Amino acid sequence: MEHQASIDRERLRLALTQEDARFEADHPRSLEMFERARSSLLAGVPMPWMTQWAGRFPIFVEAAGGARFTDVDGNSYVDFCLGDTGAMTGHSPASVADAISEQAHRGITTMLPTTDALAVSQDLAERFGLPYWQFCLTATDANRFTIRIARELTGRPKILVFSWCYHGTVDETFIVLENGKPKARPGAIGPPVDPTVTTRVVEWNDTEALERELAHGDVACVLTEPVLTNIGIIHPEPGFHDSLRELTSASGTYLVIDETHTLCAGPGGYTGTANLQPDFITLGKPIASGLPAAAYGMSAEVGEVAIVSPKIVETSDIGGIGGTLSGNALSLAAMRATLDGVLTPEAFEVMIPLAERFETGVQEAIDRHGLPWHVSRLGCRVEYAFRTPAPRNGSEAAAAVDHDLDRYLHLFMLNRGVLMTPFHNMALMSPATTESDVDLHAQLFDQAVAGLIA
Ligand code: PMP
């Protein structure tokens, strides 16, 4: 058997201590801001998850542009996190910044449609193959609203998700399988009800379990990413999407594909590249270059039923699908400029080869050190994980998470000017990312790992 290297935990512990000290020494102003912020921000941060970055405190950003940003201490970074996909377009693309600025002077929100709404819906229809679209502000809301429509139209109470999925802060999705048993996802804050009341959960790539759970006849929709991206990148096995479509259709269950992250696969997301045929698509994050904006689309069949449903259109002001600022003029201007000029087929022709180069660099380092790790890619997104072979499902991937190793690699990169996506070992390429950015990561990854081998 081939020799497999392993990580020396004592070396890892020492290296983490050194990286922590270097981080603090290089970020005195961020530390000062953080200390001051503790008196007016809970935990010193705008949102609690901002405490979860690799350092003892988050760095405070001065400005971001393209694939880079600077912090208040004057350090500059190559950004492979890109706002966890919100800025997959690169930060503040000029054409979008101009469109936002122009629209900001012509009205931000009126609760009435603008012509941009028409242009954006037509563009999305062409990219994703679904004719009817609606707009809201976050991908979470796109998912929540879609679930409501699916429940309303089917009269069924439950949804089905895959274990270790993530679809935003949607109550019904905070469920995992533990030793084969459904239970609330660890860490779920103040769940309204036990999620097993609202949700069925199966492992990704498990067609048999999917068929068994759908056979209960109480599932309104399956909500899934077309490739899991929130517990590492886990591809569907050959034939899985065909089975998913056949089983949902046969059981009268809607299929909702969440393309919020998998838009990284191409201009029409994974749906476009793999020619999927979902009933609904949900989208958010980068579609307005990071300005709050999201969309959900539905098939002709769904649209025809929804339009005559007594509740979905007629009582829609108080029906549970809302958002006063949803579909506002500013979001739509930003979406239009993003779709027209930034997330174009030509941009993906730049971004995807960069991700291939990133993947190769990481794979070469893994091979050089003989580590039992793997690297996965979807379009312009790449992620490495500390196991091999690649996991088949969320539970296998979750079991391979190594928090100390994650924190060390993130901090090592950050201390040398490279930002990776927190809670993941994920990197995303924007149209502004360069080959030398990618090569810098490869070199640092190799260096970071070399110091840890037992
Ligand atoms: N869908 C997917 C697949 C996501 O990864 C996320 C967030 N990471 C969301 C939806 C929710 O996005 P938001 O937090 O912007 O509402």
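I will try to describe carefully the structure that is included in this document. For every chain, the first residue of the written sequence is number 1, and numbering continues from 1 onward in sequence order. Reporting in this predicted model follows two pLDDT cut-offs: at least 70 for local features of residues, and 80 or more for side-chain atom pairs to be given and counted; totals over whole chains, interfaces and linings ignore these cut-offs and use all residues. For the side-chain quantities, the full set of heavy atoms in the structure was used; hydrogens and water were omitted.

**Regarding the pattern of salt bridges**
Side chains bearing opposite charge may pair, as long as their charged atoms lie close to each other. Salt bridge, as applied in this entry: a Lys or Arg side-chain nitrogen positioned within 4 Å of an Asp or Glu carboxyl oxygen. According to the stated counting rule, one finds 29 salt bridges in the structure shown. When the shortest N-O distance is used, the salt bridge between E213 and R212 registers 3.2 Å. Think of it in three bands: residues with accessible area under 20% of the maximum for their type are buried, residues over 50% are exposed, and the middle band is partly exposed, with areas taken using a 1.4 Å probe on protein chains only. Under the relative-accessibility criterion, E213 is labelled buried at 12%. You can call R212 exposed: its relative accessible area is 51%.

**Notes on the site of the ligand**
Near the ligand lie 13 residues; those nearest to it are T140, N230, D258, H261 and K285. As used in this structure description, the phrase polar contact means that two N or O atoms lie within 3.5 Å; if the pair is within protein, one of them must be able to donate a hydrogen and the other to accept it, and residues adjacent in sequence are counted only when both atoms belong to side chains. Between an oxygen atom of the ligand and a side-chain N or O atom of N230, the distance comes to 2.9 Å. The contact in question runs from a nitrogen atom of the ligand to an N or O atom on the side chain of D258, over 2.6 Å. With residues, only the protein chains shown are counted as cover, and all accessible areas are computed by Shrake-Rupley using a 1.4 Å probe. Protein chains shield 83% of the accessible area of the ligand, which is 390 Å² for the free molecule. By the criteria applied, helices consist of DSSP H or I runs no shorter than four residues and strands consist of E runs no shorter than two, each listed in order from the N terminus. Examining the composition of the shell around the ligand, we find that three residues originate from one element, helix α5 (residues 139–154), more than from any other. The classification used treats Ala, Val, Leu, Ile, Met, Phe, Trp, Tyr, Cys and Pro as nonpolar, Asp, Glu, Lys and Arg as charged, and all other residues, Gly among them, as polar. Of the residues that constitute the shell around the ligand, the class distribution is two nonpolar, eight polar and three charged. When at least one non-hydrogen atom of a residue lies within 4 Å of a molecule or strand, that residue is treated as near it.

**Some words on the sheet that holds strand β15 (residues 418–419)**
As summarised here, the arrangement of the four strands in space is β1-β2-β3-β15, forming an open sheet in which the pairing is mixed. A strand with exactly one partner marks an edge of an open sheet, and here the two such strands are β1 (61–65) and β15. Sheet topology places β1 next to strand β2 (residues 68–71); four bridges connect them, and they run antiparallel. Directly across from A63, in β2, lies its bridge partner T70. Two strands are counted as paired when DSSP detects at least two bridges linking them.

**Structural notes on unusual backbone geometry**
P389 follows T388 through a cis peptide bond whose omega is 0°. Position of P389 among the secondary structure elements: in the loop between β14 (381–385) and α13 (394–399). With a phi close to 65°, A43 is a non-glycine residue in the positive phi region. Tracing the chain through its elements places A43 in the loop between α2 (28–37) and β1. Exposure remark for A43: the relative accessible area of 40% places this residue in the partly exposed category.

**Here's the deal with the nonpolar core**
In these notes, a set of buried Ala, Val, Leu, Ile, Met, Phe, Trp, Tyr and Cys residues joined through side-chain atoms within 4.5 Å is what counts as a nonpolar core. Judged by nonpolar contacts, the single largest core of 108 residues is most densely connected at F358 and M429. With 10 residues, the top contributor of residues to this core is helix α12 (residues 345–369). Here F358 is in contact with F80, V382, Y384, M420, A427, M429, V438 and H441, once residues within four sequence places are set aside. Judged by nonpolar contacts, the second largest core, of 25 residues, contains L153, V161, V201 and L223. Only heavy atoms matter for contacts: two residues are in contact if any of them lie within 4.5 Å across the pair.

**A short note on the environment of L118**
Residue placement: L118 occurs in helix α4 (residues 115–128). The exposed category is assigned to L118, whose relative accessible area is 52%. Residues L118 and W133 lie 15 residues apart in sequence; the distance between their C-alpha atoms is 9.6 Å.

**Quick notes on the layout of surface pockets**
Roughly 1000 Å³ of internal volume is contained in the second largest pocket. Mapped onto the lining of the second largest pocket, the elements with two or more residues apiece are β4 (132–136), α5, β12 (294–298), α10 (300–308) and α11 (329–341). The definitions used throughout rest on a 1 Å grid laid over the protein atoms alone, on which a cavity is an enclosed set of points accommodating a 1.4 Å probe that cannot get out and a pocket is an open set flanked by protein within 12 Å on both sides along at least five of seven lines; lining residues are those having an atom within 4 Å of a point. Grid points are joined across faces, edges and corners, and a volume is the space filled by probe spheres set on the points.

**As for the sheet that holds β14**
Across the sheet, which stays open at both edges, the three strands sit in the order β13-β14-β16 with antiparallel pairing between neighbours. Strand pairing shows two members of the sheet lacking a second neighbour, β13 (374–378) and β16 (426–428), which therefore form its edges. Averaged over all pairs of adjacent strands, the angle between strand axes in this sheet comes to 15°, irrespective of strand direction. Here β14 pairs with β16 via three bridges, running antiparallel. Opposite E383, over in β16, you have M426 as the bridge partner. Contacting β13, β14 and β16, α12 crosses the sheet at an angle of about 175° to β13. In this analysis an axis means a line fitted to C-alpha atoms, helices contributing only their contacting stretch, and an angle means the value between N-to-C directions, from 0 to 180 degrees.

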